[in-house]
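Summary of the model geometry
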Amino acid sequence: MEDFRNILAQEKDGVLYLTVNREDKMNALNFATLEELREIFDVVIDNKSIKAVIITGAGEKAFVAGADISEIAELNEVNARKFAENGQEIFSMIENCHKPVIAVTNGYTLGGGCELAMACHMRIATANAKFGQPEVNLGIIPGYGGTQRLTILVGRGKANELMMTGDMIGAEEAKSLGLVNHVLSTKEEAMAMAEQIIAKIMSKAPLAIGMIVDCVNAVYLSEENGYQTEANSFARCVKSGDYKEGTTAFLEKRKPVFKGE
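Residues numbered from 1 in each chain as written. Predicted model: local features only at pLDDT ≥ 70, side-chain atom pairs only at ≥ 80, totals over all residues. Heavy atoms only, no water.

1. Observations concerning the sheet that holds strand β8 (residues 130-132)
Note the cut-off: Strand pairing requires that DSSP identify at least two bridges connecting the strands. Runs of H or I in DSSP of at least four residues are treated as helices and runs of E of at least two as strands, each being numbered from the N terminus. We call two residues contacting when some pair of their heavy atoms lies within 4.5 Å. Interaxial angle, 0 to 180 degrees, is taken between N-to-C directions of lines fitted to C-alpha atoms, where a helix line uses only the stretch in contact.
With respect to topology, four strands assemble into an open sheet ordered β4-β6-β8-β9, the strand pairing being mixed. Two strands close off the open sheet at either side, each with one partner strand: β4 (62-64) and β9 (169-170). As defined by bridge partners, β4 adjoins strand β6 (residues 108-110) across two bridges and the pair is classed as parallel. Within β6, the position partnered with V64 by the bridge is T109. Along the sheet face, helix α4 (residues 112-119) touches β4, β6 and β8 and points at about 85 degrees away from the line of β6.

And the structure:
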């Protein structure tokens, strides 16, 4: 993985660790950082050595405190639409990635940062994490999929409240609402939890993991019949060598060795 200016990328034992590294800007997402995310996930999707991704933010104060306001302030109606569509496209790449992507959210997880976390398959928060979509304070709304994913995760009423007031919520409330999977005291503990979950997932059949991503996402696609997606995905799994290995290993009372094929 090549060096990037705004994101630190390190691969270890099949896990790609990504750190949004703009600590002096509270890790705000500017255009350049978003494009680096696009480049990285272009690689992740096809790189067989990368089995999973963990995303976090540099320092203790913020995961990502939002988009870069200096860039937002320069938008007009035409490029604002492109701005939103570009972010939506990149976050969709993360959401649809067939490899597990976990956000470890520390500190402020606001605006575009909350949207980035919600695009990941799971979220693990530190006790000091704060979540919110405060765009209304700037006279705008979430533009990177936040209006959709927040509603899916916490329900219509609470999503309306959070986005209309711009209020922040703490990690424990976020967990109670279903926005967060786990809350740990420190960033180190949160990273360790993410690694434990990743290790367990990596011991399973990779093709099946990818099919689960497709089926779960199909629940929220009005143009797709999720039950049909499930049946089709089930059939694809049965065609795989992993299926043969998994069932054979079960009958032989041994641990399966999956190859993702």
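2. Focus: a nonpolar patch on the surface
Condition: Excluding any residue in a salt bridge, patches collect residues exceeding 30% relative accessible area, merging like charges within 9 Å and nonpolar Val, Leu, Ile, Met, Phe, Trp and Tyr side chains within 5 Å. For every accessible area listed, the method is Shrake-Rupley and the probe measures 1.4 Å; residues are considered covered only by the protein chains on display. For salt bridges, the criterion is a side-chain nitrogen of Lys or Arg within 4 Å of an Asp or Glu carboxyl oxygen. Relative accessible area decides the class of each residue, using a 1.4 Å probe on protein chains only: under 20% of the type maximum gives buried, over 50% gives exposed, and in between gives partly exposed.
Among the surface-exposed residues, I152, I212, V216, V219 and Y220 lie close enough to one another that they form a single nonpolar patch of about 480 Å² accessible area. Along the chain, V216 falls in helix α9 (residues 206-218). On the basis of relative accessibility, which here comes to 45%, the residue V216 falls in the partly exposed class.

3. Comments concerning the pairing of strand β7 (residues 122-126)
When you tally the buried positions in β7, you get five out of five residues, the bulk of the element. Burial of the side chains of β7 extends over both faces: M122, I124 and T126 are buried on one face and R123 and A125 on the other. Summarising the sheet, strand β5 (residues 101-105) and β7 pair through four bridges and their orientation is parallel. By the bridge assignment for β7, A103 is matched with R123. For β7 and strand β10 (residues 182-184), the ladder comprises three bridges, and the chain directions are parallel. Note on β10: the bridge partner recorded for T126 is L184.

4. So, the sheet that holds strand β1 (residues 7-12)
The strand order across the open sheet built from six strands is β1-β2-β3-β5-β7-β10, with neighbouring strands paired in mixed fashion. The open sheet has two edge strands with one neighbour each: β1 and β10. For this sheet the average axis-to-axis angle between neighbouring strands, irrespective of direction, equals 20 degrees. Along the sheet face, helix α8 (residues 187-202) touches β2 (15-20), β3 (52-57), β5, β7 and β10 and points at about 165 degrees away from the line of β3.

5. Here we look at the pattern of salt bridges
Inspection of the entire model under this criterion finds nine salt bridges. We note a salt bridge from E89 to R38, for which the minimum N-O separation is 2.4 Å. Here R38 lies in helix α1 (residues 31-46) and E89 lies in helix α3 (residues 77-95), a separation of 51 residues in the sequence. Using a relative accessible area of 45% as the deciding quantity, one classes E89 as partly exposed. With a relative accessible area of 16%, R38 lands in the buried category. The residue E245 makes a salt bridge to R254 at a minimum N-O spacing of 2.7 Å. For E245, a relative accessible area of 18% puts it in the buried group. Exposure remark for R254: the relative accessible area of 35% places this residue in the partly exposed category. Because the salt bridges share partners, they merge into one network encompassing E35, R38 and E89.

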